[in-house]
Amino acid sequence: MVIRTYKKCALNWISMLVLPAFLIACNAQNHTSAQSENWVRVNASASVPAVPDKLSLKVYVEEKNNSVSQAKRIVDLNTDKILKRWFNLGIKESQVSSFNLSIQPVYEYEKQTRKQVQDGFLVSRTLSVEIENWDSFDQLIDSALALGATRVGNVQAGVSNHQALYNQALAAAVEQARKKAQLLAESAGAELDQVKQIIEQGGYRPYAAAEMKLMRSDSASQPGTTDVNASVEVVFSLQ
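In short, a report on the structure. Only a predicted model underlies this, so the values are computations on that prediction, with no experimental measurement involved.

**Let's talk about unusual backbone geometry**
A positive phi angle, close to 55 degrees, is found at Arg-114, a residue other than glycine. If you trace the backbone, Arg-114 turns up in the loop between β3 (96-110) and β4 (115-131). One non-glycine residue, Asn-154, lies in positive phi territory at about 55 degrees. Relative to the helices and strands, Asn-154 is located in strand β5 (residues 151-158).

**A closer look at helix α3 (residues 137-146)**
All of the buried residues in α3 are Phe-137, Leu-140, Ile-141, Ser-143 and Ala-144. On its buried face, α3 sits against β2 (54-65), α2 (68-88), β4 and β5. Looking one or two residues past α3, Gly-148 carries a phi angle of roughly 120 degrees, positive in sign.

**So, the pattern of salt bridges**
In this structure the tally under the stated criterion is six salt bridges. Between Asp-80 and Lys-84 there is a salt bridge whose closest N-O contact spans 3.3 Å. Separated by four residues within a single helix, Asp-80 and Lys-84 lie in helix α2, roughly one turn from each other. One network of salt bridges, with partners in common, ties together Lys-72, Asp-76 and Arg-125.

**Focus: the environment of Gln-239**
Of note, Gln-239 is situated in the segment after β8 (226-238). Sequence separation of Gln-239 and Glu-191 is 48 residues, and the distance between their C-alpha atoms is 5.1 Å. Residues in contact with Gln-239, not counting those within four places in the same chain, are Ala-190, Glu-191 and Asp-193. Reaching out from Gln-239, the side chain makes a polar contact with the side chain of Asp-193 at a distance of 3.3 Å.

The rules behind the values
Residues numbered from 1 in each chain as written. Predicted model: local features only at pLDDT ≥ 70, side-chain atom pairs only at ≥ 80, totals over all residues. Heavy atoms only, no water. Helix = DSSP H or I, 4+ residues; strand = E, 2+ residues; numbered from the N terminus. Buried < 20%, exposed > 50% of the residue type's maximum accessible area, 1.4 Å probe, protein only. Contact = heavy atoms within 4.5 Å. Salt bridge = Lys/Arg side-chain N within 4 Å of Asp/Glu carboxyl O. Polar contact = N/O pair within 3.5 Å; in protein donor to acceptor, adjacent residues only side chain to side chain.

Right, dumping it as structure tokens:
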């Protein structure tokens, strides 16, 4: 019994000593292999021209009054007039959202008391609309402001087939990365091998109308042109 126990303990000690040494040797070998592998990392981008074919914006109808119900009544009346005018211009009900209503107290600062004193309420309704007919843009804004809208904001242009255009730009960016990597490899006296990693960077996003390259026109706003961009980071192995 004593001899068997001694042999068992000895084997356990040997295992404890040999296993870490084996793992260290394997890690060292893998590390050496990783160090010996040559690779090149490049960043590339590409763009595809596009003409925006849709426009979204928000129109705000606001009224300040000591009575919330009175302010809301005026806002609702003005909203109804604006919507009727828009529908006459060819805007469809499915293109408009008008359910967003907010009611906030208004405060004024009194110099004598140095305090904020409530001065009525501000009732605001937000009309969100998306159009595809750019010719109606100016009429849509002018009519809204003439019929009680207080301000217009968050004007954004977009492209309906942006995903297809972005995919084209993405493929072109990968090809550009390959050409750049090929140039670097040849300059270093190496040969380009397989793709080891591809990282997509960024993506398509709508842009504010203020950023558009608008075409000059004496009449109405024009969509102009924009670029759908794509960027990638690619790692190639070298031979």
